[in-house]
Amino acid sequence: MTPKERYQKLKQHLSEENPVLLGVIQQYEQLDKIAHSLGFLPEEKSYTENISWWPLISILGTFSAGKSTFINDYLGKKVQESGNQAVDDKFTVITYGTNEEPMTLPGLALDADPRFPFYNISAEVEKVEKGEGSKVNQYLQLKTVKAEPLKGEILIDSPGFDADEQRNTILRITEHIMDMSDLVLVFFDARHPEPGAMRDTLEHLVGKTMQKRDGDKVLYILNQIDTTAKEDNLEDVIGAWQRALSQKGLISGNFYAIYSQSALQPIDDEAVAERLKRKRDEDYAKILAKIEGVKIDRAYRISKLLEDVAKEITRDRLPKLRDSLNRWGRRVMLADLLSVILLAGGVSALFALGIVPSETGMLAGLYGAAIALILFLHFRYRKWFANREIKRWIDEDPAIAEAVRHNTKWHRPILRIWLKGWSRRAQEKLEQVMEYSRSAIRRLNDQYVSPSGGE
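Residues numbered from 1 in each chain as written. Predicted model: local features only at pLDDT ≥ 70, side-chain atom pairs only at ≥ 80, totals over all residues. Heavy atoms only, no water.

Draft legend 1. Quick look at helix 8 (residues 234–246). Over its 13 residues, helix 8 runs 18 Å from end to end, which matches the ideal 18 Å to within 8%, given 1.5 Å per residue. Turning to helix 8, its buried residues number three or more, namely Leu234, Val237, Ile238, Gly239, Ala240, Trp241, Ala244 and Leu245. (Helix = DSSP H or I, 4+ residues; strand = E, 2+ residues; numbered from the N terminus. Expected span 1.5 Å × (residues − 1). Buried < 20%, exposed > 50% of the residue type's maximum accessible area, 1.4 Å probe, protein only.)

Draft legend 2. A look at the pattern of salt bridges. Summed over the entire model, instances satisfying the criterion amount to 21 salt bridges. Between Asp281 and Lys277 there is a salt bridge, and its shortest N-O distance comes to 2.7 Å. Taken together, the residues Asp281 and Lys277, both in helix 9 (residues 270–292) and four residues apart, mark about one turn of the helix. We classify Lys277 as partly exposed; its relative accessible area is 35%. The residue Glu307 makes a salt bridge to Lys311 at a minimum N-O spacing of 3.7 Å. Here Glu307 and its partner Lys311 are both found in helix 10 (residues 294–352), four residues apart, which amounts to about one turn of the helix. Several salt bridges converge on common partners, so that one network encompasses Glu307, Lys311, Glu435, Arg438 and Arg442. (Salt bridge = Lys/Arg side-chain N within 4 Å of Asp/Glu carboxyl O.)

Draft legend 3. Focus on the confidence of the model for the protein. Mean pLDDT over the protein stands at 80; residues scoring 70 or higher make up 79%. Looking across the protein, the model is least confident in helix 7 (residues 199–210), with a mean pLDDT of 60, and most confident in helix 12 (residues 398–407), with 93. (pLDDT = per-residue confidence, 0-100.)

Draft legend 4. The packing of aromatic side chains, seen in detail. The final tally for this structure, using the stated rule, is four aromatic pairs. Among the aromatic residues, ring-to-ring pairing joins Phe70, Phe187 and Tyr284 into one connected group. Stacked on the ring of Tyr259, the Lys or Arg Arg280 has its end atom at 5.9 Å from the ring centre. Directly above the ring of Tyr436 sits Arg443, whose terminal nitrogen or CZ lies 4.9 Å from the centroid. (Phe/Tyr/Trp six-rings, centres within 6.5 Å; stacked < 30°, edge-to-face > 60°. Lys NZ or Arg CZ within 6 Å of the ring centre and 35° of its normal.)

Draft legend 5. Quick look at a positive patch on the surface. Taken together, the side chains of Lys33, Arg424, Arg425 and Lys429 make up a positively charged region of the molecular surface. Sort the elements by how many residues they give to the positive patch and helix 14 (residues 421–448) lands first, with three residues. Within the secondary structure, Lys429 sits in helix 14. Classification of Lys429 as partly exposed rests on a relative accessible area of 40%. (Patch = residues over 30% accessible without salt bridge, like charges linked within 9 Å, V, L, I, M, F, W, Y side chains within 5 Å. Areas by Shrake-Rupley, 256 points an atom, 1.4 Å probe, with all protein chains shown as cover. Lys, Arg positive; Asp, Glu negative; His and termini not counted. Charge placed at Lys NZ, Arg CZ, Asp CG, Glu CD.)

The structure is reproduced here in structure tokens:
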């Protein structure tokens, strides 16, 4: 699907969901054009590829952390198998369907359909691990369920996460899910009170999310706290997990402790049972409120992401690209100047020493050959110095490396880059995109906020 086709479908979808977002998507289209012209984004790519079509809620966690039971309770139907052992080794995308019984479809149904967050995921997987892209059915499946809570949203259930045993493919899909999701629920098992033993898992499920600009969309849930009833050590278990999470960057907030009513273990002590239930009810209600508010949060997140991407280009990538191209241009021009001086001096010396007769035809031919050699060397210098700049950025920021490659092609004039007009105009357009993002957030506020108390 081309970016143009994708935008047409997005506009059709969002015009019905929220007209404010329709305007934001049009700004994403402008952002794509700017990024394409600067070389930060390939022509066939779009920033909207990281925006899901529907509000997307993903559920990650360790083995036997109660993810499937939570989903079944939330939907009011037994959709996912649950148990103490790993019962499903695939990422399951759960969406609304019209059949009374849940229906399971292969992963190819997701890879080939641009309406879902895993569109063309096989190509992304192939980049990470050669040969795995063709095995998408081993990693993904689609389930359709006739359940009211699913209307207008998508759930993703992940296989149990054990970082020591995961291949690169699973890690890549997990990161893709986190990037695409509007809300991420990360489950941990309260039956394992020593979170230090799960250092690698915590690094992948917590440490990396805290580095993202939208890390606040991740909720960390300590599940099955009813298992603490026997020792009556709920606070100790919660404290241990909170300390482990804080070491990965989670300072406060977004931490909840719950258990499943349907899988509740009998609790003899009524006072303990009441205390656990009160904690569970409070936190479970907060989680449901987050899920219910995901559509509103999503509208703000899409609008804010527009500004964040434009700001990243304007404040970070564009200055670095400009410096890199200036450095490249200076080196090419200096090499050209040295070539002209050396070759012109060499030709003059040949005539002065009488090595070459000073006939008009001979003179013109020799200078013509010198000019041809200078041009040949010029394009060799261009490419050689460009490759040095590309190598400089390839690991730190591949987008800058590609932009350098884009702007140093043989037909790109060096003088135009030195004049900086190309980047100045782009920067002005990016500033306009950022201002539109802020105005879109104000329009969203008008929909939901009324400080004056008016209707």
